[in-house]
Amino acid sequence: MCGIIGYTGPRVAAPILVEGLRRLEYRGYDSAGISVEHNRTLSMYKRAGKIADLRSHVPPNVPGTVGIGHTRWATHGGVTDANAHPHMDASGAIAIVHNGIVENYLQLKSRLEKEGCTFRSETDSEVIAHLVASFYKGDLEAAVKETVLLIKGTYGIVAMHAAEPGRLVGARNGSPLVLGIGEGEMFLASDVTAIIAHTRQVVYLEDGEVVSFTADTYTTTNLRNQVIDKQVDHVNWELEEIEKAGYTHFMAKEIHDQPEAIRRALSGRIDHEYNTGHLGGLNLSNRELLDINRIKILAAGTSYHAGMVAGYVLETLARIPATAELASELRYRNPIVERNSLYFAVSQSGETADTLYAMREIQRKGGRVLGICNVVGSTIPRESDGGVYIHSGPEIAVASTKAFTSQLTAFYLFALIMGRMRDLSHDAGRQFVRALEAVPAQIEQILANKAPLQEMARKYSRHENFLFLGRGINYPVALEAALKLKEVSYIHAEGYSAAEIKHGPIALINEETPSFFIVTDDGLRDKVINNMKEVKARSGPVIALAVEGDKEVASIADDVYFVPPAMELMYPFLMAVPTQLFAYYCALERGCNVDQPRNLAKSVTVE
Ligand code: M6R
């Protein structure tokens, strides 16, 4: 979604702002702009399109050492230069950038128009610039505070005023902002990737907080003007982690990161003596864990699919009812919160609005919510009652890949802990640990054998409809495979339980609609094979992901890709990776923008 960067310090601001925006490109956007102060005058450059368009629009050597920048993902108003941020007040003395949605903007706009304001854009955000101007009496911080008190909705705002050179003011409610503290310079951004090239010392703003800062000082206050002492955190991510490391796309890099990411997620979290897991951040005693009799997992998109797999694993290992639910749906159906239920909010970014609001709803009702997140310091882990960081490293491609398998890793460890506290024997625990520790090397084997998947993509990428079919624990993997293919290649794909096709989807089968089956060597294998035959009998092309040595599957499928044999519960890892590669190669074949697919945003901070 939208991205924000602000800079104040001794250096020329414009290149720092544009470069910061480039680092935020992965979030998804359709226009971009910057505003810079010099000699008490603001200049502004904005363009619909990509950062490259903005870069060529900004003249070389724009003077000024303080400024703000923004990448916009359109919500109110089309993708035009005028709707791009920053927005200015009528005098051109104030510039603002805004992430989020001003829900009462029509009401505010009509009031401002009656007072004589002329609007230059169709955005909700422009009201903020005019409101700040209307409240400004020589103190930008005070004017911003008065403004946000009128706003209903969500915001991450940064404002500057030509009459207060060197100062920026940021305010947060529902849209993240992080202050970066450099050597004699400061940054404010919507996420740390925009600033870690410059500093690792950061302060995360909370909702209702305002930061006012110059190159060497900052104060954080709430809307009642009380000063808030903020902790300075250190960001561990390395700059190289947000580079492509020789790969053509972030998606390819992140698919290949998976063995290492899983090892990191496991690191220090297995107790080989007791064959159980160890997750320090749960904030629950063993007695409390023992009392849990239901687990609910809240998430969206890929994280939801990881949650569905987790439900299966938790029920199998720990015999606790465990289900995943779309966070967006849960929030509005007045969920019943039971005393001994435990909730998980799963989110790579830790900022997904649907998941965050569902978490808050459960907490408001007294439920305990643990986070499973990747981005350290993001909102969900900060507001949750404990949880697990998956430590995958930054995931930049919009299509989530390594976060999925790392989320699984965290859940598998939790399921092991819960299982070992209940019926799972020492021996069964050991087998599970061995199988889980073997996964990274097995994924390496898959990554060393990509050519058949590339070949399949060449053969099938011109088809416009796909079915992905799996059973049991691999049913959510089929859903995830369909999501991956559709988001990066724009091929229409549906995921189903293979058992369900006879209840409707089989009507779609013809020679133009390939079915991609996930077949493992479990109790459901024969049934899936029957489903494959049903598709073949109707002239549908069949692709299969199967376990090495499965000659029967190979004899039925038109094309087959084999994964190494594993414990049944580990197949979601091994089956997901080839489907990610298949989606990636199909997108390449179709010439799609793999890392930033159309219309999508990396971090979805609106409902
Ligand atoms: O950051 P989150 O895990 O909360 O994001 C949830 C979804 O928006 C995300 O998984 C989305 O579906 C991805 N684009 C899938 O690749």
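Residues numbered from 1 in each chain as written. Predicted model: local features only at pLDDT ≥ 70, side-chain atom pairs only at ≥ 80, totals over all residues. Heavy atoms only, no water.

Trainee: Requested: an account of the overall build of the protein chain, with residues and values cited.
Mentor: Per the secondary structure count, the protein chain includes 19 helices and 26 strands. At 25 Å, the protein chain has a C-alpha radius of gyration in line with the 25 Å of a compact globule built from 607 residues. With respect to the three principal axes, the spread of C-alpha positions in the protein chain is 75 × 55 × 40 Å. Relative to its full complement of 607 residues, the protein chain shows a buried share of 62%. Contacts spanning at least 24 positions in sequence make up 71% of the contacts within the protein chain whose residues lie at least 6 apart. Within the structure as shown, the protein chain displays about 22500 Å² of accessible surface, and the carbon and sulfur contribution to it stands at 48%. Mean positive and mean negative side-chain charge positions of the protein chain (61 and 72 charges, respectively) differ by 2 Å. (Helix = DSSP H or I, 4+ residues; strand = E, 2+ residues; numbered from the N terminus. Rg over C-alpha atoms; globule rule 2.2 N^0.38 Å. Buried < 20%, exposed > 50% of the residue type's maximum accessible area, 1.4 Å probe, protein only. Contact = heavy atoms within 4.5 Å. Areas by Shrake-Rupley, 256 points an atom, 1.4 Å probe, with all protein chains shown as cover. Lys, Arg positive; Asp, Glu negative; His and termini not counted. Charge placed at Lys NZ, Arg CZ, Asp CG, Glu CD.)

Trainee: Can you explain helix 4 (residues 126-135)? Please cite residues and give values.
Mentor: The buried count for helix 4 comes to eight of 10 residues, which makes it a mostly enclosed element. Within helix 4 the residues assigned to the buried category are Glu126, Val127, Ile128, Ala129, His130, Leu131, Val132 and Phe135. Close packing links the buried residues of helix 4 with strand 5 (87-88), strand 6 (94-99), helix 3 (105-114), helix 5 (140-150) and strand 7 (155-161).

Trainee: Could you give an account of the domain arrangement of the protein chain, naming the residues involved and the relevant values?
Mentor: Often the size quoted for an interface is simply the accessible area lost on bringing the parts together. With domains assigned, the protein chain is organised as domain 1 (3-235), domain 2 (245-445) and domain 3 (449-594). Each of domain 2 and domain 3 has a C-alpha centre, and the two are 25 Å apart. Of the residues lining the interface, 34 residues belong to domain 2; the matching set on domain 3 comes to 31 residues. Note on domain 2 versus domain 3: buried area summed over both sides is about 2700 Å², and carbon and sulfur give 75% of it. Run the count over domain 2 and domain 3 and you get zero salt bridges. Sort the elements by how many residues they give to the side of domain 2 that touches domain 3 and helix 9 (residues 301-318) lands first, with nine residues. (Domains from an automatic or database assignment. Buried area = accessible area lost by both parts, 1.4 Å probe. Salt bridge = Lys/Arg side-chain N within 4 Å of Asp/Glu carboxyl O.)

Trainee: Which residues make up the packing of aromatic side chains, and what values go with them?
Mentor: Scanning the entire structure with this criterion turns up 10 aromatic pairs. Taking 5.2 Å as the distance between ring centres and 50° as the angle between the ring planes, the aromatic pair formed by Tyr7 and Phe187 counts as tilted. Of this pair, Tyr7 sits in strand 1 (residues 3-8) while Phe187 sits in strand 10 (residues 186-189), and the two are 180 residues apart along the sequence. Clustering of aromatic rings is evident, with ring pairs tying together Phe466, Phe468, Phe516 and Phe582. (Phe/Tyr/Trp six-rings, centres within 6.5 Å; stacked < 30°, edge-to-face > 60°.)

Trainee: So, the site of the ligand: which residues are in play, and what are the values?
Mentor: The full set close to the ligand counts 14 residues, and Ser303, Ser347, Ser349, Thr352 and Glu487 are the nearest of them. The contact in question runs from an oxygen atom of the ligand to an N or O atom on the side chain of Thr352, over 2.4 Å. The protein chains hide 91% of the 410 Å² of surface that the ligand would expose on its own. Among the secondary structure elements, those contributing two or more residues to the shell around the ligand are helix 9 and helix 16 (475-489). Of the residues in the shell around the ligand, the class split is four nonpolar, eight polar and two charged. Each of two domains, domain 2 (245-445) and domain 3 (449-594), supplies a minimum of three residues to the shell around the ligand. (Near = heavy atom within 4 Å. Polar contact = N/O pair within 3.5 Å; in protein donor to acceptor, adjacent residues only side chain to side chain. Nonpolar A, V, L, I, M, F, W, Y, C, P; charged D, E, K, R; others polar.)

Trainee: Go over unusual backbone geometry, please, and point to the residues and values.
Mentor: Of the consecutive residues His85 and Pro86, the connecting peptide bond is found in the cis state with omega at 0°. Along the chain, Pro86 turns up in the loop between strand 4 (66-72) and strand 5. At Asn283, a position not held by glycine, the phi torsion is positive, near 55°. Counting through the fold element by element, Asn283 comes out in the loop between strand 16 (276-277) and helix 8 (286-291). For Asn283, a relative accessible area of 51% translates into the label exposed. Despite not being glycine, Arg319 has its phi angle at roughly 55°, a positive value. On the secondary structure map, Arg319 appears in the loop between helix 9 and strand 18 (322-326).

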